[in-house]
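# Breakdown of the fold
Each chain is listed here by its residues.
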Amino acid sequence: MNLREFIDQKGYRHNPRRLMEDIIHMVFLILGLVAVGSVLVITVYLVISGLPAIFRIGPVEFLFGTRWASTAAEPEFGILPFILTSIYGTAGAIIIGVPIGFFAAVYLAKMAPKKVRDAMELCIGVLAGIPSVVYGLVGMTILVPGIRILFGVPDGATLLAAIIVLAVMILPSVINVSLTSLQAVPREYEEASLALGATDIETYFRVTVPAAKSGIFTAIVLGIGRAIGEAMAIMMVAGNVANMPSIFKSVRFLTTAVASEMSYSSGLQREALFSIALVLFLFIMIINAILNVLKTGGERR
Amino acid sequence: MIERISGTRRTWCTVMKALCYLSLILVTALTAFMILYVLFRGVPHITPQLLFTKPSTLRHTIGILPDILNTIYIVIATLVVVLPIGVGAAIYLNEYATNRKIVELIEFAAETLSGIPSIIYGLVGMLVFVQFCSLGTSLMAGALTLVIMNLPTIMRTTQESLKTVPESYREGAFALGAGKWRVIRTVVLPTCVNGIVTGCILSIGRILSESAALLFTAGFAHNINGFIDGLGSAGATLTVALYVYASERGEFDIAFAIASILMVLTVIINLLTGYMGRLMKRRNGQ
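Residues numbered from 1 in each chain as written. Chains lettered and ligands numbered in written order. Predicted model: local features only at pLDDT ≥ 70, side-chain atom pairs only at ≥ 80, totals over all residues.

What follows is about the packing of helix H6 (residues 132-151) of chain A against helix H7 (residues 159-183) of chain A. Residues and elements named next belong to chain A. The N-to-C vectors of H6 and H7 enclose an angle of 140 degrees; their axes lie 10 Å apart at closest approach. One element, H6, and the other, H7, form an angle in the oblique class. For the crossing formed where H6 meets H7, the hand is right-handed. Residues Ser-132, Tyr-135, Gly-139, Leu-143, Val-144 and Ile-147 of H6 form the contact with H7, whose participating residues are Leu-160, Ala-161, Ile-164, Val-165, Val-168 and Met-169. (Axes fitted to C-alpha atoms, helices over the stretch in contact; angles between N-to-C directions. Helix = DSSP H or I, 4+ residues; strand = E, 2+ residues; numbered from the N terminus. Parallel < 35°, antiparallel > 145°, perpendicular 65-115°, else oblique. Left-handed = near helix turned anticlockwise from the far one by under 90°. Contact = placed C-beta atoms within 7 Å.)

Structure representation (structure tokens):
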């Protein structure tokens, strides 16, 4: 079919307005596809620039090597310390942050007077909006010296400091998402429980919370995603040494490994940094997939 | 009623309630502490010299005027590019799309984008905009990176407000003989301005607080430029400048001064989004 037949078939010749409408439709479609294109470009670029170094170093040595010495005379590129630090750091942040966020969300959803809830909404918004470098700055000037004095370690820039900063940073998402799911629980569930003689607190924790559990689980997974992707704040408080993780040691995360060496890297070192980013991206994609499963599961119910 | 329940139950209830209150107090105290501590350490160091000069190694003074300008430039450049794309994508999803598969694909992509950490945006921004498009380390490269980061935000807020435009508005306009584009332009868009503005405010907040994505795309120079020259050259935003001063130069007073400016902006942005939210709710209620 040539262009002329196409134009005739669509009736553009007699109806220029339809031509205009169809062009506009196409423009909007293209604008919509920008997001899809961006995801594709990001994935393709990360894979293309991240894979070669992994194979050059050897997948096993790269992923399970315990020594990272990228600028040494005989460089070693083992990223197990970064992977483990990211996992431990995230786990620590979840262990501290989620309970606090969870109980705060239950209070806000069920017990708070409207005034308190409005005020807290602002509080949580501000907490979520504070730039991560400001968290890093406050961590540097309070947490780091605090940990040094409190635990008598030579340097307070440790995994512990990073965990505390991350725990604070995931609070807003944990609270907001749990809050929304707790508020969505039908009032009838609670009324039934109250009518059976349960106290209000028992109702909230034994009826409302289990009913909202997929939302609360989503909140936790979202928190994991936030924590594992955070770079600048923990770069400022974690000391940035490629140690195997330990609570009172200076450590380097997957994110900070990329950020700290990127500006002066070259050759295989630079390629290895892209490989680290690729590993991080895989983690994020797994988390995204879990979130998606949770979401579709929640919708089906 | 409360007297008739057993001791263990009563203890359990009290403990749970106490935990709730404790967590809430902790969160509030944390927010208050963050704000007050940063302001307390930063505000005394905000001087006219800091605000209105550029750093001078000769006189050993530090000024953040270039960083303020860079921040403004990057906000403008990002919004100018992301608004048409984001609003357009939202319009496509809400007004045009008939194919369920395409809608799901676009929404999935937007969700994926919002989950990607900013350090990865920084890396890919460096590869694509700085190197491949040979923009060099520049505010423009930084702004384009931020465009992709903020795309999901603008799309989501616009879509939410498009959904609240009553179907009858569209039907009325169609009945008067307007074409689809005309209906969107004259009826749908004006009624969802609130949502678009909310998206802009949220995006400004994200741009202000972004650092990891800008470090390798926009660099950290401190030169005063005009808007066009500025976009073409490297420059630090306030957040990046804060990082550089705190982490690499140990200038904590300057860092806290910048932090207190950012903190005030964060509070203002939150008050604004809260106000916009209430405005929209009230209008939808009517």
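Looking now at the domain arrangement of chain A. Residues and elements named next belong to chain A. Once the domains are mapped, chain A shows domain 1 (3-57) and domain 2 (68-300). For domain 1 versus domain 2, the separation of C-alpha centres amounts to 36 Å. Listed per partner, the contact involves nine residues of domain 1 and nine residues of domain 2. Partitioned by chemical class, the residues of the side of domain 1 that touches domain 2 number six nonpolar, two polar and one charged. (Domains from an automatic or database assignment. Nonpolar A, V, L, I, M, F, W, Y, C, P; charged D, E, K, R; others polar.)

For the rest of this paragraph, the subject is the interface of chain B and chain A. Listed per partner, the contact involves 70 residues of chain B and 63 residues of chain A. Considering each element in turn, the side of chain B that touches chain A owes the most residues, 16 residues, to helix H1 (residues 7-42) of chain B. For the side of chain B that touches chain A, the residue count by class is 51 nonpolar, 17 polar and two charged.

With that settled, consider the domain arrangement of chain B. All names here are of chain B. Taken domain by domain, chain B holds domain 1 (2-45) and domain 2 (49-285). Taken over C-alpha atoms, the centre of domain 1 sits 34 Å from the centre of domain 2. Tallied by class, the residues present in the side of domain 1 that touches domain 2 amount to four nonpolar, two polar and one charged.

Mean pLDDT over chain B: 86, with 98% of residues reaching 70 or higher. Scored as a complex, the prediction yields pTM 0.89 and ipTM 0.89. (pLDDT = per-residue confidence, 0-100.)

Residues and elements named next belong to chain A. Maximal helix bending in H6 amounts to about 40 degrees, located at Gly-139. Taken residue by residue, H6 has Ser-132, Val-133, Val-134, Tyr-135, Gly-136, Leu-137, Val-138, Gly-139, Met-140, Leu-143, Val-144 and Ile-147 as its buried positions. Phi turns positive one or two residues past the end of H6, at Gly-152, with a value near 60 degrees. (Bend = angle between axes of the 7 residues up to and from the residue. Buried ≥ 20, exposed ≤ 12 C-beta atoms within 10 Å, placed from the backbone.)

Residues and elements named next belong to chain B. Residue placement: Pro-152 occurs in helix H6 (residues 139-163). As for Pro-152 and His-45, which are separated by 107 residues in sequence, their C-alpha atoms are 37 Å apart. Dropping the residues within four chain positions of it, Pro-152 is found in contact with Ala-110, Leu-113 and Ser-114.

What follows is about helix H12 (residues 254-261) of chain A. Where burial is concerned, most of H12(A) is hidden: seven out of the eight residues are buried. Among the residues of H12(A), those classed as buried are Leu254(A), Thr255(A), Thr256(A), Ala257(A), Val258(A), Ala259(A) and Glu261(A).

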